[in-house]
Structure formats: C-alpha cells, structure tokens
Amino acid sequence: MAAVSDRLPAFPWDKLEPYKATAAAHADGIVDLSVGTPVDPVPELIQKALVGAADSPGYPTVWGTPALRDAITGWVRGRLGASAAGHRNVLPVVGSKELVAWLPPQLGLGAGDKVAYPRLAYPTYEVGARLCGAEAVVYDDPTELDPAGVKLLWLNSPSNPTGKVLSKEELIRIVAWAREHGILLFSDECYLELGWEAEPVSVLHDEVCGGSYEGIVSVHSLSKRSNLAGYRAAFIAGDAAVLGELLEIRKHGGMMTPAPVQAATVAALGDDAHVEEQRVRYAARRAALRAALEAHGFRVEHSEASLYLWVTRDEPCWDTVAHLAQLGILVAPGDFYGEAGARFVRVAFTATDERVEAAVKRLAG
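All of these numbers come straight from a predicted model, not from anything done at the bench.

A.B. asks: Mind showing me how you'd approach helix H4 (residues 66-80) here?
C.D. replies: One turn of an α-helix holds 3.6 residues; hence residues three or four places apart share an orientation. Relative to the 21 Å expected for 15 residues at 1.5 Å per residue, H4 spans 20 Å between its end C-alpha atoms, a close match to the ideal helical length. Leu68, Arg69, Ala71, Ile72, Thr73, Trp75, Val76 and Leu80 are the residues of H4 that are buried. Looking at the packing, one finds that the buried side of H4 touches strand S2 (90-93), strand S7 (216-221), strand S8 (234-238) and helix H10 (259-269). Positive backbone phi, at 75 degrees, marks glycine 81, one or two positions downstream of H4.

Below, the structure is given as structure tokens:
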C-alpha cells in the first residue's frame, strides 16, 4: 500500500488547516474562498431529473444512455463548435478529477514516459503522472518542450489557478505541434463557460482542429457551470480511437456514472438558462471581490476567466494567507499550484453573497 502512496506529494490542503482555524475564530465567522466549491442551489430542473431517475435498480453502462450521448454530442457541437462530433466522440466520466488522476495509467504510461502540464497548474496533473511512474514535466509554452518521450500533453484553458485563456491562434499552433510529434493532447476545459474578459475556445472547435479530432480530447465538467460538484458529472470528447480504448478499460474497471446522475446531466446540458443565472451571480461576486482586493493593495494578474482571482501583494504567499486569515478570510496559497505561484494567492468567488459582502467589508476595514 505504501509503495503507491509514497509516490505522491503531501496532500496540499492539509497545510492550510492552521490558517483555517485562525480564520474560523473571527467574530463574524470564516469567509472560505480557498477550495472553490459551489455553494448555490442545484437548479430545480436538474434535481427533478435526478429524482425522476431514482428508481434505477440495474447497473448503468460506462458509455451512458443514448439520451446522455445525444445530450453531450449536442452540447459539444453547439457550444464547442465541434460540428462533426458523434456518439463515438464522447464518454461520460465520474467527475473530471478522477479522469485527470487516472488517465495516465489507463493510457498505459509508465517509467520512461513523460506527462507535460503548465508550470502553474491543478496539482492532479502531477498526481496522474506519479501514479503510473511517469515523469512529470512542466512548461511555459508546450511547443518549446523537447518532444522526446512526451506521451501526454495537458492544456488547461481557462487556467486553474490563474484564469488565463489561450487564444484560438495559440491553440491552433499547439494542436499542430502535438500532431506533428505524435503527442496525445488532453485539454482541460472545465471553466470554458466562465469567461469574463475573454471568450474561451475549445481545442475541438472546427477552426482549431480543422474538423478532425485525431490526437486531441477535451475534458468538461458540470461541477461549476451547473453547481453539480456533488453529483460527479463530467465527460470527455474528441478522438474516437482514444475514447474507444478508454471505454473498454473503464468497462473492466466498473467506472460508471450512476444512472440518476446520467439523467441529471441530460437535463443540465439541455438548459442554458440556469448557466446564465449562475454566471450573473459569479460576475457580481467577482466584481465586488476584485475591487476590494485592489483597494486593499493587491494586484490581480490574468483572471480573465474561471472562478478565481489570481492576486499578489508581492510577498511570500503564506504571508498573504496568514494576513487574510487574521481578517477571517481563507484563500489558497499559490505554491499549491507550482513554485511559480510562490508570491500569489488564489481567491475563489464561490462563497455566498452574504459571505462575499463580509469579505469586502473586512478588506475595507
């Protein structure tokens, strides 16, 4: 047992516990802007779909129901601009974090292979590489990597933690480079519907990939856009050969999205109104927190999309975490996402309106 866990880094969020205790001791309670978990209600139409499918005594299929595949392909065509997508180009997964962590082993990667991901990134990309014994390598521009041995290239646009968005032109260049070198490209696009100062584009867009999904796959989640983090509802789309292989492996592993969650996903992907309502909530919270942080002496970098503000006071990130904890505000230290984040913190705007208002008042105090 220890042999596998020893490959992994220390779980970063455990280091935040003392600061969480400090923030929780504030007279008006903690304002938790660290993890970025949704707090708003699950839309009623999605709840009804889940309840309506509650009488599901049989095993669900790994590939999902035809209705689910229809919903995903329809969304991929309409929202991502991937006009050629069909059922063979989509696969539901049990939350996107599961997919990210277990993808390298499922691809058969191991010692001698390289998994590349952004220098500032979601820690689970590294975890996936370590789980299978592959080498984790970071980049600023993936096309500047030595392609030798790189078997899996992760993109993340919009970025977690920075909110940076790759332009269509950048994506075209990176897709062409990956194909030239025979490198499988997975693009984590879980925040694609949360652009604020930029319009995120998918690698599957016809103008990016040329209408062919060869060698490219995009990753999507309903956790943020539909408040479904508790449902573990996500999917991947792209290269039919890659998804077909993953489907066979996942059948053997029993990696099935529960039937009620499949029904809820169909409802969520078929409705745009709740997504726009949630965007309005987040936009207001983002504007309030950004103004308060800047008035308090912070500088905001990137942050043109996603659910986070990437900010700095030009000091070590843990000093910033401690300072804000004294105000009862908990944020994520930038070094959770790589050494390049050592002087930044990530501030989520997923708290309730009341808690965001409390943070704004404390920052102004």
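A.B. asks: Mind showing me how you'd approach the sheet that holds strand S9 (residues 299-301) here?
C.D. replies: The pairing of strands in a sheet happens through backbone hydrogen bonds and is either parallel or antiparallel. Reading across the sheet, the 4 strands line up as S9-S10-S13-S12 and stay open at both edges, with antiparallel pairing between neighbours. Edge positions in the sheet fall to S9 and strand S12 (332-333), since each has one partner strand and no second. Taken together, the 4 bridges between strand S10 (residues 308-312) and strand S13 (residues 345-348) define a ladder with antiparallel strand orientation. When the sheet's bridge partners are listed, tryptophan 310 is paired in S13 with arginine 346.

A.B. asks: What is the right way to look at the sheet that holds strand S6 (residues 184-188) in this model?
C.D. replies: Strand order in the open sheet formed by 7 strands is S2-S8-S7-S6-S5-S3-S4, with mixed pairing between adjacent strands. The outermost strands of the open sheet, each flanked by one partner alone, are S2 and strand S4 (135-139). Averaged over all neighbouring strand pairs, the angle between strand axes comes to 20 degrees, with direction disregarded. Of the pairings in the sheet, the one linking strand S5 (residues 150-156) to S6 comprises 5 bridges and is parallel in character. Its bridge partner lying in S6, leucine 153 is registered against leucine 185. Lying on the sheet, helix H7 (residues 168-180) is in contact with S5, S6 and S7; it crosses S5 at an angle near 170 degrees.

A.B. asks: Would you mind showing me how to read the pairing of S7 here?
C.D. replies: Side chains on a regular strand alternate between the two faces of the sheet. Most of S7 is tucked away, with 6 of its 6 residues classed as buried. Residues Ile216, Ser218 and His220 line one face of S7 and the alternating positions Val217, Val219 and Ser221 line the opposite face, and both faces are buried. Where S6 lies against S7, 4 bridges are found, and the strand directions are parallel. Within S7, the residue paired with leucine 185 across the bridge is isoleucine 216. Sheet analysis places S7 next to S8, joined by 5 bridges and oriented antiparallel. Following the sheet pairing, histidine 220 is matched in S8 by phenylalanine 235.

A.B. asks: How should I be thinking about the pattern of salt bridges in this particular structure?
C.D. replies: Any two side chains of opposite charge can pair, so long as their charged atoms come close to each other. Per the stated rule, a full pass over the model turns up 24 salt bridges. The partner of glutamate 98 in a salt bridge is arginine 250, with the nearest N and O atoms 2.7 Å apart. With a gap of 152 residues between them, glutamate 98 in helix H5 (residues 96-106) and arginine 250 in helix H9 (residues 240-253) connect regions that are remote in the sequence. Arginine 250 matches glutamate 98 in its accessibility class, with the two residues each being buried. Lysine 151 is the salt-bridge partner of aspartate 113, the closest N and O atoms lying 2.9 Å from each other. Separated by 38 residues along the polypeptide, aspartate 113 in the loop between H5 and strand S3 (114-118) and lysine 151 in strand S5 bring together distant segments of the chain. Residue classification places lysine 151 among the partly exposed residues on the basis of a relative accessible area of 41%. A cluster of three or more residues bridged by salt bridges with shared partners is formed by Asp28, Glu354, Arg355 and Arg362.

A.B. asks: Before we go on, may I ask you to explain the pairing of S4 in this structure?
C.D. replies: Of the pairings in the sheet, the one linking S3 to S4 comprises 5 bridges and is parallel in character. When the bridges of S4 are listed, alanine 116 appears paired with valine 137. Between the parallel pair S3 and S4, the chain is carried across by helix H6 (residues 124-132), and the sense of this crossover is right-handed.

A.B. asks: What should I look at first to understand the nonpolar core in this one?
C.D. replies: Generally speaking, nonpolar side chains in soluble globular proteins are found buried as a group. Judged by nonpolar contacts, the single largest core of 67 residues is most densely connected at Trp154, Phe186 and Ile236. Examining the composition of this core, we find that 5 residues originate from one element, helix H12 (residues 317-326), more than from any other. Filtering out sequence-adjacent residues up to four positions away, phenylalanine 186 remains in contact with Leu99, Leu103, Leu152, Leu153, Trp154, Leu155, Val217, Val219, Val242 and Leu246.

A.B. asks: What is the right way to look at the packing of H5 against H6 in this model?
C.D. replies: To characterise two packed helices, one gives the angle between the axes of the helices and the distance between these axes. Here H5 crosses H6 at 35 degrees, and the two axes come no closer than 7 Å. The crossing of H5 and H6 is right-handed. Of the residues in H6, those in contact with Lys97, Val100, Ala101, Trp102, Pro104 and Pro105 of H5 are Thr124, Tyr125, Gly128, Ala129, Leu131 and Cys132. Each residue belonging to the contact of H5 with H6 can be placed in one class, and the counts come to 9 nonpolar, 2 polar and 1 charged.

A.B. asks: Hey, could you run me through the environment of arginine 313 in this one?
C.D. replies: Considering the arrangement of structural elements, one finds arginine 313 in the loop between S10 and H12. Contact partners of arginine 313, with chain neighbours within four places excluded, come to His296, Gly297, Phe298, His323 and Arg343. Among the polar contacts made by the side chain of arginine 313, one reaches the side chain of glutamate 315 at a distance of 3.1 Å. A polar atom in the side chain of arginine 313 sits 3.5 Å from the side chain of histidine 323.

A.B. asks: Which parts of the structure should I look at to understand the packing of aromatic side chains?
C.D. replies: Within a pair of aromatic rings, the relevant descriptors are the distance that separates the centres and the angle that separates the planes. Across all of its chains, the model carries 14 aromatic pairs by this definition. With a centroid separation of 6.5 Å and an interplanar angle of 80 degrees, the aromatic rings of tryptophan 310 and tyrosine 337 are classed as edge-to-face. Taken as a pair, tryptophan 310 in strand S10 and tyrosine 337 in the loop between S12 and S13 lie far apart in primary sequence, 27 residues in all. The class of tryptophan 310 is buried, set by a relative accessible area of 1%. When the centroid spacing of 6.4 Å and the interplanar angle of 55 degrees are considered together, the rings of phenylalanine 336 and tyrosine 337 count as tilted. Residue classification places tyrosine 337 among the buried residues on the basis of a relative accessible area of 5%.

Calculation notes
- Counting restarts for each chain, with residues numbered from 1 along the sequence as it is written.
- Local features in this predicted model are restricted to residues whose pLDDT is 70 or higher, and side-chain atom pairs enter the listing and the counts only when it is 80 or higher, whereas totals over whole chains, interfaces and linings include all residues.
- Based on all heavy atoms of the structure, the side-chain values leave hydrogens and waters out of the count.
- Counting from the N terminus, the helices are the DSSP runs of H or I reaching at least four residues and the strands are the DSSP runs of E reaching at least two.
- By this rule, a helix spans an expected 1.5 Å times one less than how many residues it contains.
- Note on classification: 1.4 Å probe, protein chains only; a residue is buried when its accessible area is under 20% of the maximum for its type, exposed when over 50%, partly exposed between these limits.
- In this analysis, two residues are considered to be in contact whenever any of their non-hydrogen atoms come within 4.5 Å of each other.
- For two strands to be treated as a pair, DSSP must find no fewer than two bridges joining them.
- An axis is simply a line fitted to the C-alpha atoms; with a helix, the fit covers only the stretch in contact. Between two such axes, the angle follows the N-to-C directions and lies from 0 to 180 degrees.
- Salt bridges, as used here, are contacts in which a Lys or Arg side-chain nitrogen is within 4 Å of a carboxyl oxygen on Asp or Glu.
- If the strands point away from the viewer and the path from the first strand over the helix to the second runs clockwise, then the crossover is right-handed.
- In this text, buried Ala, Val, Leu, Ile, Met, Phe, Trp, Tyr and Cys residues form a nonpolar core when linked through side-chain atoms within 4.5 Å.
- Note: crossing handedness is left-handed where the near helix turns anticlockwise from the far helix by less than a right angle, and right-handed where it turns clockwise.
- Side-chain classes follow a simple rule in which Ala, Val, Leu, Ile, Met, Phe, Trp, Tyr, Cys and Pro form the nonpolar group, Asp, Glu, Lys and Arg form the charged group, and the remainder, Gly included, forms the polar group.
- Polar contacts, as counted here, are pairs of nitrogen or oxygen atoms within 3.5 Å of one another; within protein the pair requires one atom able to donate a hydrogen and one able to accept it, and residues that are adjacent in sequence qualify only if both atoms are side-chain atoms.
- Only rings of Phe, Tyr and Trp enter the pairing, Trp through its six-membered ring, and a pair is recorded when the two centres are within 6.5 Å. The plane angle decides the type: under 30 degrees is stacked, over 60 is edge-to-face, the rest tilted.

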